[in-house]
Amino acid sequence: MTKKGEMLYAWTNDAEIQKKAELGGAVTALWKYALESKMVDAVLVVTKGVDLYDAKPVIVTDPKDLAKTAGSLHCGTLLLPKLVKKYLDGAEDKKIGVTVKGCDMMGFYELAKRKQINLDNIIMIGVNCGGSVSPVIARKMIAEKYGVDPEKVHKEEIDKGQFIIEFEGGHKGISVDELEEAGFGRRSNCRRCKLKIPRQADLACGNWGVIGEKAGKATFVEVCSEKGANLMAGAIKKGILETAPANPKGLEIRAKIEGAMLKLGDKWRKHDFEALGEGKDRLQKIMAETSRCIKCYGCIDQCPICYCVDCTTKNPAYVAPGELPVSFMFHLIRYAHIADSCVNCGQCEEVCPAEIPNALFMHAQQVELEKMFGHVPGVSMELPLLAFAEEKTERGRLHNTGSDMIYENVFNPFVKK
Ligand SMILES: Cc1cc2nc3c(=O)[nH]c(=O)nc-3n(C[C@H](O)[C@H](O)[C@H](O)COP(=O)(O)OP(=O)(O)OC[C@H]3O[C@@H](n4cnc5c(N)ncnc54)[C@H](O)[C@@H]3O)c2cc1C
Ligand code: SF4
Ligand code: SF4
Ligand code: SF4
């Protein structure tokens, strides 16, 4: 019987899934079992649209349609939880299975906290994520850095720190570090991301740690919940999934890679946040960038934290209608409402037609708020800061200023000897 906490190599013997799967096809085989056994009513996955730069979300209800959704799309920068809220009634009365990256998973928790998603009805199969690349940047990068026509590429992957493409007549890999130094590579929020193995999903699947003869042919699975254990057990019993205990050396390697990725995330945070400057310079920079905003509301529409029926940015008492450039208040409203819970998913930056680094500004604030209040967004059902104020901690915070007002020592709390 599969148990929570187990680490396994898993692969499917379904030939059709094997053909398209990224690794062992465990993810797709598990969804096939989940649909066939009616554990879920529908599965939400990401699949190739017109080409490999076009990652398209699809709802699958017929298990026969699943095989073609296998495979990882590194240009799939989309976020899934808000689609469940908008188009699937927040999974209120349907059981839905979703393949999630770290940021998708965090978005689900944040929407669940705000009662926009019924997490009891969701099964999440997580995939480790080293990062995703915006489709437009990927095309440009392939043309300029690889000297290859982006239309001729039929497969891309990120492996051992390289972005590798296969195209008619060859393959070529360039290190992600080199690409990023040249201004290409992963999205900037992905560089700062530290959710590499989504352990708050029901299963966390990936490549890291699969060594020996199974390398590239099996999926590494960490069983993260009872729901995940049941799903695995059912699929194994049904004969669609085979497993073997993970190689202990593989476990070590996986932990090392994760550690290195977290360090790299810290390095990019330092780099990006320092580049914002300090004090008034920082404020001027943010005000200048955001003054390009054309009020399309794309950032609000995509953000997994924004759930209000009527956004305060649409209230004429705060932001004058029809006025451009928009008052800074527009962006201040977003910072005030979102910064404590931003999961750094990058959507607000990705969709912005004015190319404002929205996610960078919000993430820089979130990281400081996390240090101040200890609230980590996206990884549990712990309520947002302003939704849950505890008397004891409030008193403690005031006490730590060494004062009876919140004017001084807020950023360098006084500690009583
Ligand atoms: C952007 C990205 C980066 C990744 N980086 C790493 C990494 O650095 N290290 C590592 O160990 N593993 C990484 N993975 C996970 C790995 O590539 C495999 O997806 C995973 O191990 C499952 O393999 P499989 O053969 O069982 O999956 P398959 O059976 O092939 O199924 C893959 C599943 O992923 C879904 N999917 C594909 N693209 C996306 C997307 N962009 N967003 C959400 N879901 C998607 C598919 O719809 C399908 O359900 C990454 C995955 C993605 C999508
Ligand atoms: S934000 Fe993190 S989890 Fe999401 S795509 Fe980027 S690296 Fe992956
Ligand atoms: S503010 Fe931007 S990066 Fe943060 S959660 Fe919202 S959309 Fe994602
Ligand atoms: S997406 Fe960009 S232009 Fe549109 S409202 Fe947000 S910041 Fe303004």
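Residues numbered from 1 in each chain as written. Chains lettered and ligands numbered in written order. Predicted model: local features only at pLDDT ≥ 70, side-chain atom pairs only at ≥ 80, totals over all residues. Heavy atoms only, no water.

Chemist: Honestly, the site of ligand 2 in this entry has me stumped. Any pointers?
Modeler: In the vicinity of ligand 2, the contacting residues are Lys101, Gly102, Cys103, Cys129, Gly131, Ser132, Arg187, Asn189, Cys190, Cys193, Lys196 and Asn344. Listed by contribution, the elements that provide at least two residues to the shell around ligand 2 are α4 (102–113) and α7 (188–192). Residue composition of the shell around ligand 2, by class: 4 nonpolar, 5 polar and 3 charged. (Near = heavy atom within 4 Å. Helix = DSSP H or I, 4+ residues; strand = E, 2+ residues; numbered from the N terminus. Nonpolar A, V, L, I, M, F, W, Y, C, P; charged D, E, K, R; others polar.)

Chemist: Could you clarify how one ought to interpret a negative patch on the surface in this entry?
Modeler: A contiguous patch of negative charge, built from Asp41, Asp89, Glu92 and Asp93, is present on the exposed surface. For Glu92, the position within the fold is in the loop between α3 (81–87) and β4 (96–100). You can call Glu92 partly exposed: its relative accessible area is 48%. (Patch = residues over 30% accessible without salt bridge, like charges linked within 9 Å, V, L, I, M, F, W, Y side chains within 5 Å. Areas by Shrake-Rupley, 256 points an atom, 1.4 Å probe, with all protein chains shown as cover. Salt bridge = Lys/Arg side-chain N within 4 Å of Asp/Glu carboxyl O. Lys, Arg positive; Asp, Glu negative; His and termini not counted. Charge placed at Lys NZ, Arg CZ, Asp CG, Glu CD. Buried < 20%, exposed > 50% of the residue type's maximum accessible area, 1.4 Å probe, protein only.)

Chemist: Could you clarify how one ought to interpret the sheet that holds strand β7 (residues 162–167) in this entry?
Modeler: Paired through their backbone hydrogen bonds, the strands of a sheet run either parallel or antiparallel. One open sheet accounts for 3 strands, arranged β6-β7-β8; its pairing is antiparallel. Each edge of the open sheet carries a strand with a single partner, namely β6 (153–159) and β8 (170–175). Averaged over all pairs of adjacent strands, the angle between their axes in this sheet comes to 15°, without regard to strand direction. Pairing of β6 with β7, which is carried by 6 bridges, proceeds in the antiparallel orientation. Bridge pairing in β7 places Val153 opposite Phe167. (Pairing = 2+ DSSP bridges. Axes fitted to C-alpha atoms, helices over the stretch in contact; angles between N-to-C directions.)

Chemist: Help me out: how do you make sense of the pattern of salt bridges in this one?
Modeler: A full pass over the atoms with the stated rule returns 28 salt bridges. Of the charged contacts, one joins Lys145 and Glu178 as a salt bridge, the two residues approaching to 3.7 Å between their closest N and O atoms. Here the residue Lys145 occupies a position in the loop between α5 (135–144) and β6, and Glu178 occupies one in helix α6 (residues 176–181), the gap between them amounting to 33 residues. Lys145 sits in the partly exposed class, given a relative accessible area of 28%.

Chemist: Is there a simple way to think about the side chain of Asn128 in this case?
Modeler: By the secondary structure assignment, Asn128 is in the loop between β5 (122–127) and α5. Residue Asn128 is classed as buried on the basis of its relative accessible area, which comes to 13%. The residues contacting Asn128, other than those within four sequence positions of it, are Lys196, Ile197, Pro198, Ala204, Cys205, Gly206, Asn207 and Trp208. (Contact = heavy atoms within 4.5 Å.)

Chemist: In this structure, what is going on with the state of the cysteines? I would like to understand it.
Modeler: By definition, a disulfide links the sulfur atoms of two cysteine residues through a covalent bond. Overall, the coordinates contain 0 disulfides when judged by the stated rule. Between Cys205, a cysteine without a disulfide, and Cys224, which holds the nearest cysteine sulfur, the sulfur-to-sulfur distance is 8.4 Å. What makes Cys205 buried here is its relative accessible area of 2%. (Disulfide = S-S within 2.5 Å.)

Chemist: Is there a simple way to think about the site of ligand 1 in this case?
Modeler: As a matter of local geometry, ligand 1 sits amid 29 residues, with Leu23, Thr28, Val46, Ser72 and Asn207 nearest to it. Between ligand 1 and the protein, one listed contact pairs an oxygen atom with a backbone N or O atom of Gly25 at 2.8 Å. Within the backbone of Ala26, a nitrogen or oxygen atom sits 3.0 Å from an oxygen atom of ligand 1. Coverage of ligand 1 by the protein amounts to 97% of the 900 Å² it exposes when considered alone. Taken together, the elements giving at least two residues each to the shell around ligand 1 come down to α2 (26–36), β2 (42–48) and β9 (203–206). Considering every element that reaches the shell around ligand 1, the biggest residue donor is α2, with 3 residues. Classifying every residue of the shell around ligand 1 by side-chain character gives 12 nonpolar, 15 polar and 2 charged. (Polar contact = N/O pair within 3.5 Å; in protein donor to acceptor, adjacent residues only side chain to side chain.)

Chemist: Before we go on, may I ask you to explain the side chain of Asp272 in this structure?
Modeler: Looking at the element boundaries, Asp272 is found in helix α9 (residues 248–274). Once residues within four sequence positions are removed from consideration, Asp272 is found in contact with Ser188, Arg192 and Leu360.

Chemist: What is the right way to look at a nonpolar patch on the surface in this model?
Modeler: Together, Tyr318, Met329 and Leu332 make up an exposed nonpolar region whose accessible area comes to about 270 Å². Relative to the assigned elements, Tyr318 resides in the loop between α11 (298–302) and α12 (329–338).

Chemist: Help me out: how do you make sense of the packing of α12 against helix α14 (residues 358–373) in this one?
Modeler: Helix packing geometry: the angle between the two helix axes and the distance between the axes. In contact at an axis separation of 10 Å, α12 and α14 are set at 45° when each is read in the N-to-C sense. By the angle between their axes, α12 is oblique relative to α14. For the crossing formed where α12 meets α14, the hand is right-handed. Only Asn358, Phe361, Met362 and Gln365 of α14 make contact with α12, whose side of the interface consists of His331, Arg334, Tyr335 and Ile338. Class assignment of the residues belonging to the contact of α12 with α14 gives a composition of 4 nonpolar, 3 polar and 1 charged. (Parallel < 35°, antiparallel > 145°, perpendicular 65-115°, else oblique. Left-handed = near helix turned anticlockwise from the far one by under 90°.)

Chemist: Quick question: what am I supposed to make of the pairing of strand β10 (residues 219–223) here?
Modeler: Counting buried positions along β10 gives 5 out of 5 residues, so the element sits mostly inside the fold. Inspection of the sheet shows β9 paired to β10 by 4 bridges, in the antiparallel sense. Residue pairing for β10: Cys205 is matched across the bridge by Val221.

Chemist: When you look at the sheet that holds β4 in this model, what are you seeing that I'm missing?
Modeler: One open sheet holds the 8 strands; their spatial order is β3-β2-β4-β5-β9-β10-β1-β11, and the pairing between them is mixed. Where the open sheet ends on each side, the last strands, each with one partner, are β3 (55–60) and β11 (241–245). The mean inter-strand angle of the sheet, taken between neighbouring strand axes irrespective of direction, is 30°. Sheet topology places strand β1 (residues 7–12) next to β11; 5 bridges connect them, and they run antiparallel. Across the sheet, residue Tyr9 finds its bridge partner in β11, namely Ala244. Of the strands in this sheet, β4 and β5 are in contact with α4, which crosses β4 at around 135°. Set on the sheet, helix α8 (residues 226–238) makes contact with β1, β5, β9, β10 and β11; between it and β11 the angle comes to about 115°.

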